[in-house]
Each structure stands twice: as structure tokens, then as C-alpha cells.
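Residue-level structural notes
For reference, the chains in residue letters:
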Amino acid sequence: MGETITFWVLAVVSVGAALGMVFNRKAVYSALMLGTVMLCLAVLYAVQDAPFLAAVQIIVYTGAVMMLFLFVLMLVGVDSSDSLVETLRGQRFWAAVAAIGFAVLVILAFGNAIFTAPTGLAAATQQGGYVRSLALLLFTKYVFAFEITSALLITAALGAMVLAHRERLTARPSQKDLARERFVTGRPALPGPGTYARNNAIDMPALLPDGSVSEASVNRYIARFDVEKGHLPEDAKLAEAIKHSVEAVESVEEESK
């Protein structure tokens with residue numbers, strides 16, 4: 001009884017999420033809907049006494065494949081408008097052929113599920129358990145489909161990188177240019193917060209190689225908060241550096257007014 005209720009509830013959720021993924025105009029929402037479908041499938045696998053499939057569904061598909069989709073969205077950009085200019089000749093014809101082929105596969109899958117007698121879990125795993133049975137099917141009967149799917153995912157990632165690539169308008173600065181710029185600004189080697197600090201907190205000033213305190217490494221907002229609230233370190237040198245950084249920021253703000 002519980003298995004039947006779980007199936008009908010998750011079936012409605014997964015079908016609704018699949019329709020939302022197809023008809024949604026925002027790519028981010030479509031990716032979230034796809035994640036919902038994958039999680040529903042994982043729960044259905046677990047209910048059907050297939051823990052390995054449920055774990056693979058969550059770890060591989062929901063974890064790895066969904067991350068790939070999100071990276072593609074990050075590279076392409078969610079605000080990028082669709083181009084209505086056809087750059088490939090005959091793409092509508094081949095899209096129609098692919099749609100017809102997909103429809104045929106869906107019809108065959110439904111026919112196989114309806115008119116074929118179920119094999120049963122015991123017969124499906126009689127070759128040595130879940131892992132061995134899946135491995136035999138994946139690398140023998142369905143090895144071609146498996147390789148095609150992996151090639152499709154790699155092609156999608158490469159296509160996203162090509163679409164997201166932008167030509168540089170200026171030459172990329174070399175190490176020599178960056179070093180020269182640092183010397184011109186008077187800071188040839190300034191460590192970031194915590195580089196030589198004695199604490200892991202970002203509100204503590206960093207220490208330069210000679211042991212002196214680097215006042216420029218303290219965040220001005222955090223330093224002002226520490227001065228106003230009295231949260232200063234016990235070390236007088238560090239506390240004085242924080243006060244000096246706040247005074248310098250206040251003087252600059254007053255001059256700008």
C-alpha cells in the first residue's frame with residue numbers, strides 16, 4: 001500500500017516537473033525542474049528495492065550531471081537572448097527527423113512496458129547481484145548507448161565553452177607588466193589578510209616579512225566595527241594598526257566631502 005501511494009505521489013510530481021522543464025522559458029528553472037525529476041526517480045528506485053540505482057541516481061546524475069548542466073548555464077549565461085538567425089542549413093529538417101525518431105522510441109518503450117511480461121527483480125539480478133547485473137548490461141548490451149551519452153555530455157560542455165568565449169579587446173598583461181605595476185604603486189609584495197597572520201580571522205592584520213604590521217590588509221568595514229565596538233586585539237601593535245587604518249579611511253572620506 002505504501003509503495004503504491006509513494007509511486008502515485010512521485011509520479012505526479014515528476015511528470016509535472018518534466019513538463020515544467022520543457023515549457024519553462026528560464027533555463028535556471030528548467031535545471032531545477034530536472035533536478036526534481038532525478039530526485040523523484042531516486043526515491044522510486046529505493047522503493048523498488050534497488051538501493052544501488054538510487055545511490056547512482058543521486059550521486060552521478062543529480063550530483064555530477066546536474067552540476068555539468070549548471071556549469072553550462074554559468075558559461076553561456078542565463079540572460080543571453082536566443083538568436084533567431086539560422087546559422088546551420090537544414091537544421092529544421094534534421095530537428096524534425098530527430099523529433100520523429102524520439103517519438104518512435106517513446107512509443108516502443110511504452111509498448112515494451114505494456115505488452116511485455118515483467119521480468120521480476122530476482123530474475124534481473126540472478127547474475128550476481130545489482131552491481132554485476134548492471135555492469136553486464138551497461139558494458140555489453142547497452143555499451144553503444146552508454147558511449148553515445150558520454151560523448152553527448154562532453155560535446156555539450158565544449159559547446160558551452162565555445163559559446164561563452166569572448167575575444168579580448170586588449171592584450172593580456174604579462175608577468176613583467178604586473179610586476180612593474182606593483183612597483184609603481186609602491187606595493188611590490190603585499191600579502192593578503194592572514195598570509196603571515198597569527199590568527200585565522202580576517203579582522204586581524206597580516207604581518208609583512210620583516211615582522212611589521214600591514215595596515216592595508218585589514219578590511220576597512222571590519223576595522224571600523226572593531227573600533228566602534230571595542231573589539232580590539234590584546235596586542236598593542238595590532239590594535240594600533242587597526243586604529244590607524246580606520247583613521248586613514250575617515251580622513252579620505254572627509255577630504256572627498
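Look above for the structure.
Residues numbered from 1 in each chain as written. Predicted model: local features only at pLDDT ≥ 70, side-chain atom pairs only at ≥ 80, totals over all residues. Heavy atoms only, no water.

This brings us to the overall build of the protein. Summing up its helical and strand segments, the protein has 10 helices and two strands in all. Along the protein, helices and strands appear, N-terminal first, in the series α-α-α-α-α-α-α-α-β-β-α-α. Counting only residues that meet the buried cut, the protein has 17% of its 257 residues in that class. Taking the intrachain contacts of the protein between residues at least 6 apart in sequence as the baseline, contacts between residues at least 24 apart amount to 48%. When the accessible surface of the protein is split by element, carbon and sulfur atoms take 66% of a total near 19800 Å². (Helix = DSSP H or I, 4+ residues; strand = E, 2+ residues; numbered from the N terminus. Buried < 20%, exposed > 50% of the residue type's maximum accessible area, 1.4 Å probe, protein only. Contact = heavy atoms within 4.5 Å. Areas by Shrake-Rupley, 256 points an atom, 1.4 Å probe, with all protein chains shown as cover.)

The next thing to look at is unusual backbone geometry. It is generally the case that most residues other than glycine have a negative phi and that most peptide bonds are trans. In the Ramachandran plot, Asp 49 falls in the positive-phi region, its phi being about 60 degrees despite a non-glycine side chain. Here Asp 49 shows up in the loop between helix 2 (27-47) and helix 3 (51-76). Residue classification places Asp 49 among the partly exposed positions, given a relative accessible area of 49%.

Our next topic: a nonpolar patch on the surface. Residues Leu 39, Ile 58, Ile 59, Val 60 and Tyr 61 make up a contiguous nonpolar surface patch of about 460 Å² in total accessible area. Of the residues forming the nonpolar patch, the biggest block, four residues, is contributed by helix 3. By secondary structure assignment, the location of Leu 39 is in helix 2. (Patch = residues over 30% accessible without salt bridge, like charges linked within 9 Å, V, L, I, M, F, W, Y side chains within 5 Å. Salt bridge = Lys/Arg side-chain N within 4 Å of Asp/Glu carboxyl O.)

Side chains of Glu 228, Glu 240, Glu 247, Glu 250, Glu 254 and Glu 255 sit close together on the surface and give a patch of like negative charge. Residue contributions to the negative patch peak at five residues, all from helix 10 (residues 236-256). For Glu 254, the position within the fold is in helix 10. A relative accessible area of 60% places Glu 254 in the exposed class. (Lys, Arg positive; Asp, Glu negative; His and termini not counted. Charge placed at Lys NZ, Arg CZ, Asp CG, Glu CD.)

This part covers the side chain of Ser 30. Structurally, Ser 30 can be placed in helix 2. Overall, Ser 30 belongs to the buried group, its relative accessible area being 13%. Here the side chain of Ser 30 touches Met 21 through a polar contact of 3.1 Å, landing on its backbone oxygen. Once residues lying within four places of it in the same chain are set aside, the contact partners of Ser 30 are Gly 20, Met 21 and Asn 24. (Polar contact = N/O pair within 3.5 Å; in protein donor to acceptor, adjacent residues only side chain to side chain.)

Our next topic: the packing of aromatic side chains. Tallied over the full model, the rule gives three aromatic pairs. Here the aromatic rings of Phe 93 and Trp 94 are separated by 5.2 Å at their centres, their planes lie at 70 degrees, and the arrangement is edge-to-face. Overall, the relative accessible area of 53% leaves Phe 93 in the exposed class. Judged by its relative accessible area of 58%, Trp 94 is exposed. With 5.8 Å between their ring centres and 70 degrees between their planes, Phe 139 and Phe 146 make a pair best called edge-to-face. Assessed through its relative accessible area of 52%, Phe 139 is described here as exposed. (Phe/Tyr/Trp six-rings, centres within 6.5 Å; stacked < 30°, edge-to-face > 60°.)

Before going further, it helps to spend a moment on the side chain of Thr 62. Inspection of the secondary structure assignment puts Thr 62 in helix 3. Judged by its relative accessible area of 17%, Thr 62 falls in the buried class. Setting aside chain neighbours within four positions, we find Thr 62 in contact with Met 38, Leu 39 and Gln 57.

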